[in-house]
Amino acid sequence: MRLFPRTLAAMVALCAACLSHAQGSAPIKVGLMLPYTGTYASLGNMIENGFKLYVQEQGGKLGGREIQYFKVDDESEPSKATDNVNKLIKRDQVDVIVGTVHSGVAMAMARVAKESKTLLIVPNAGAGAITGPACAPNIFRTSFTNWQPGYATGVIAGQKGYKRAMTITWNYAAGSEMVKGFTEAFEKSGGKVLKDLTVPFPNVEFQALLTEIAAQKPDVVFAFFAGGGAVKFVKDYAAAGLNKTIPLVGTGFLTDGTLEAQGATAQGLITSLHYADNLETPRNNAFRKNFALAYKTNADVYAVQGYDTAQLLAVGLNAVKGDLSKRDELVAAMRKATIDSPRGKFTMSASHNPVQDFYTREVKGNNNEARGIAVKALADPGAGCRM
Ligand code: BEZ
């Protein structure tokens, strides 16, 4: 057979590509499944930006390999989650999935990841089951379980001496699990929750429920909302005059990434979260500076979680020098990682969820400022996890 020079050159190029792929120097495919539209859109964008910032700081490579991104907008829509995650797994054939924000969507992703054994790192969604009964060796989380910040906020409300609380959230796993955590800690301190109020996600019609709160006059209101919904809720609470009469506390999502839009209505609000803007550590200062330079906006907790997701992946990939076929070694390194996060150092629990400090925070200007640690090294028990 006679080969023309052009055909020969093409074959040589193709073979070189095959070889480099076989040697593991092809890019690692990272699938970002996040909300890019809807009430959680800003959260998704901040997670992506945080992830990419860490990768850029490593020269664009993790474990010696370039990173290639594939994106799907999950719209915070659980009914589309299985199809969406399969676009990344089957169509794009990604090596690892990063996602997502909404607990209901993340639950569907975790089911598919467990079945297909695709490596999944959850950069926000706090559904307890993901690192509980649905846990798996290939599933990690770099954020929190919903119970954790709820519990820490309940500790703060108890310390402040409040006795009668009402709660208000969206009616889905994130809301109900945060309320559960809040109630557990609040009742331990002798408090009582009078009533749990909910609206369907992502509804922001709060008026009727605010009227009910005004009528009941509890000592304190606990709330979970995030993104666009948190902006609307905090503004409506103030517009109803309740900020003058009934203290509002919440998990830190109520005031994170939202302060410019909430303006005066958020000033002085007390929340709890695993991050605060003004942590005076070299790690946090450098992170905030680099993030602001790269994206012309201030970092928030979601950016931190994205950044730490890339850090955790880097620990695994560095341990195997980018060789994804060494899955057991990669997972073992991630399990015993200590992540040097802008939030402070954290480790992984046996069920792959962060063990971390929860800060008491107060809104001042456009910052959530730390006012001490509400609960130190808080671990979710990960009940029901069998790996
Ligand atoms: C969740 O759905 O788990 C969630 C969404 C936004 C902020 C925090 C938790």
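Residues numbered from 1 in each chain as written. Predicted model: local features only at pLDDT ≥ 70, side-chain atom pairs only at ≥ 80, totals over all residues. Heavy atoms only, no water.

### Re the sheet that holds strand β1 (residues 28-34)
Here is step 1: Strand order in the open sheet formed by six strands is β2-β3-β1-β4-β5-β6, and the pairing between neighbours is mixed. Every other strand in the sheet has two partners, leaving β2 (61-62) and β6 (139-141) as the edge strands with one partner each.
Here is step 2: Two strands pair when backbone bridges link them, and β2 and strand β3 (residues 65-73) are joined in this way by two bridges, in the antiparallel orientation. Looking at the pairing, Leu 62 lines up with Arg 65 of β3.
Here is step 3: Relative to β1, helix α2 (residues 41-57) is tilted by about 160 degrees, and along the sheet it contacts β1, β2, β3 and β4 (96-98). (Pairing = 2+ DSSP bridges. Helix = DSSP H or I, 4+ residues; strand = E, 2+ residues; numbered from the N terminus. Contact = heavy atoms within 4.5 Å. Axes fitted to C-alpha atoms, helices over the stretch in contact; angles between N-to-C directions.)

### Considering the packing of α2 against helix α11 (residues 301-319)
Here is step 1: Direction vectors running N to C along α2 and α11 enclose 40 degrees, while the axes themselves pass 6 Å from each other. Taken together, the axes of α2 and α11 are oblique relative to one another. Here α2 runs over α11; the crossing is right-handed. Residues Leu 43, Met 46, Ile 47, Gly 50, Phe 51, Leu 53, Tyr 54, Val 55 and Glu 57 of α2 pack against Tyr 302, Ala 303, Gly 306, Tyr 307, Thr 309, Ala 310, Gln 311, Leu 313 and Ala 314 of α11.
Here is step 2: When the residues that make up the contact of α2 with α11 are grouped by side-chain class, the tally is 13 nonpolar, four polar and one charged. (Parallel < 35°, antiparallel > 145°, perpendicular 65-115°, else oblique. Left-handed = near helix turned anticlockwise from the far one by under 90°. Nonpolar A, V, L, I, M, F, W, Y, C, P; charged D, E, K, R; others polar.)

### Description of the pairing of strand β9 (residues 220-224)
Here is step 1: Of all five residues in β9, five are buried, a share of seventy percent or more.
Here is step 2: Of the two faces of β9, both are covered, the one formed by Val 220, Phe 222 and Phe 224 as well as the one formed by Val 221 and Ala 223.
Here is step 3: Looking at chain direction, strand β7 (residues 164-170) and β9 are connected through five bridges and run parallel. Considered in β9, the bridge of Ile 168 is made with Ala 223.
Here is step 4: With helix α8 (residues 227-239) bridging β9 and its parallel neighbour strand β10 (residues 248-251), the resulting β-α-β unit is right-handed. (Buried < 20%, exposed > 50% of the residue type's maximum accessible area, 1.4 Å probe, protein only. Right-handed = clockwise from strand over helix to strand, strands pointing away.)

### Structural notes on helix α5 (residues 147-159)
Here is step 1: With 13 residues, α5 extends 18 Å from end C-alpha to end C-alpha; this agrees with the ideal 18 Å at 1.5 Å per step.
Here is step 2: In terms of burial, α5 is a largely internal element, twelve of the 13 residues being buried.
Here is step 3: Turning to α5, its buried residues are Trp 147, Gln 148, Pro 149, Gly 150, Tyr 151, Ala 152, Thr 153, Gly 154, Val 155, Ile 156, Ala 157 and Gly 158.
Here is step 4: Its buried side turned inward, α5 meets α6 (173-188), β9, β10, β11 (270-273), β14 (354-364) and β15 (367-378).
Here is step 5: Just downstream of α5 lies Gly 161, where phi reads positive at about 85 degrees. (Expected span 1.5 Å × (residues − 1).)

### Some words on empty space enclosed by the protein
Here is step 1: Per the counting criterion, the structure on display carries one cavity of 30 Å³ or more.
Here is step 2: Lining the largest cavity are 16 residues; nearest its centre among them are Tyr 40, Val 101, Asn 124, Met 178 and Phe 224.
Here is step 3: Residue composition of the lining of the largest cavity, by class: twelve nonpolar, four polar and no charged.
Here is step 4: Two domains each donate at least three residues to the lining of the largest cavity, and these are domain 1 (27-144 + 281-348) and domain 2 (147-273 + 363-378). (1 Å grid on protein atoms, 1.4 Å probe; cavity = no way out; pocket = protein on both sides within 12 Å on 5 of 7 lines; lining within 4 Å. Points joined across faces, edges and corners; volume = space filled by probe spheres on them. Domains from an automatic or database assignment.)

### A closer look at the packing of aromatic side chains
Here is step 1: Tallied over the full model, the rule gives 21 aromatic pairs.
Here is step 2: Ring geometry for Phe 182 versus Phe 186: centroids 5.2 Å apart, planes at 20 degrees, classification stacked. With Phe 182 and Phe 186 both in helix α6 and four residues apart, this pair spans about one turn of that helix. Both residues of the pair, Phe 182 and Phe 186, count as buried.
Here is step 3: Clustering of aromatic rings is evident, with ring pairs tying together Tyr 40, Phe 144, Trp 170, Tyr 172, Phe 201, Phe 206, Phe 224, Phe 225, Phe 233, Tyr 237, Phe 253 and Tyr 302.
Here is step 4: Residue placement shows Lys 52 over the ring face of Tyr 69; its charged tip is 4.6 Å from the ring centre.
Here is step 5: Over the aromatic face of Tyr 36 sits the side chain of Lys 71, whose NZ or CZ is 4.6 Å from the ring centroid. (Phe/Tyr/Trp six-rings, centres within 6.5 Å; stacked < 30°, edge-to-face > 60°. Lys NZ or Arg CZ within 6 Å of the ring centre and 35° of its normal.)

### Here's the deal with the site of the ligand
Here is step 1: Near the ligand you find 16 residues, and of these Val 101, His 102, Ser 103, Gly 126 and Tyr 172 are the closest.
Here is step 2: A distance of 3.3 Å separates an oxygen atom of the ligand from a polar backbone atom of Val 101.
Here is step 3: One of the side-chain N or O atoms of Ser 103 is found 2.6 Å from an oxygen atom in the ligand.
Here is step 4: For the ligand, whose free accessible area comes to 260 Å², the fraction covered by protein is 100%.
Here is step 5: One can see that the ligand is located within the largest cavity.
Here is step 6: Across the shell around the ligand, the residue classes tally to eleven nonpolar, five polar and no charged.
Here is step 7: Here the shell around the ligand spans two domains, since at least three of its residues come from each of domain 1 (27-144 + 281-348) and domain 2 (147-273 + 363-378). (Near = heavy atom within 4 Å. Polar contact = N/O pair within 3.5 Å; in protein donor to acceptor, adjacent residues only side chain to side chain. Areas by Shrake-Rupley, 256 points an atom, 1.4 Å probe, with all protein chains shown as cover. Sits in = over half its atoms within 2 Å of the grid points.)

### What to know about the pairing of strand β5 (residues 119-122)
Here is step 1: The alternating pattern of β5 places Leu 119 and Ile 121 and Leu 120 and Val 122 on opposite faces, both of which are buried.
Here is step 2: Examined bridge by bridge, β4 and β5 share three bridges and lie parallel to one another. Residue pairing for β5: Val 96 is matched across the bridge by Leu 119.
Here is step 3: As a crossover connection, the stretch from β4 through helix α4 (residues 103-116) into β5 is right-handed.
Here is step 4: Here three bridges tie β5 to β6, and the two strands are oriented parallel to one another. Looking at the pairing, Ile 121 lines up with Phe 140 of β6.

### Overview of the confidence of the model for the protein
Here is step 1: Per-residue pLDDT for the protein has a mean of 95; in total, 94% of the residues score no lower than 70.
Here is step 2: Segment residues 12-23 is flagged for pLDDT under 50; beyond a separation of four residues in sequence, or across chains, it makes three contacts in the model. (pLDDT = per-residue confidence, 0-100.)

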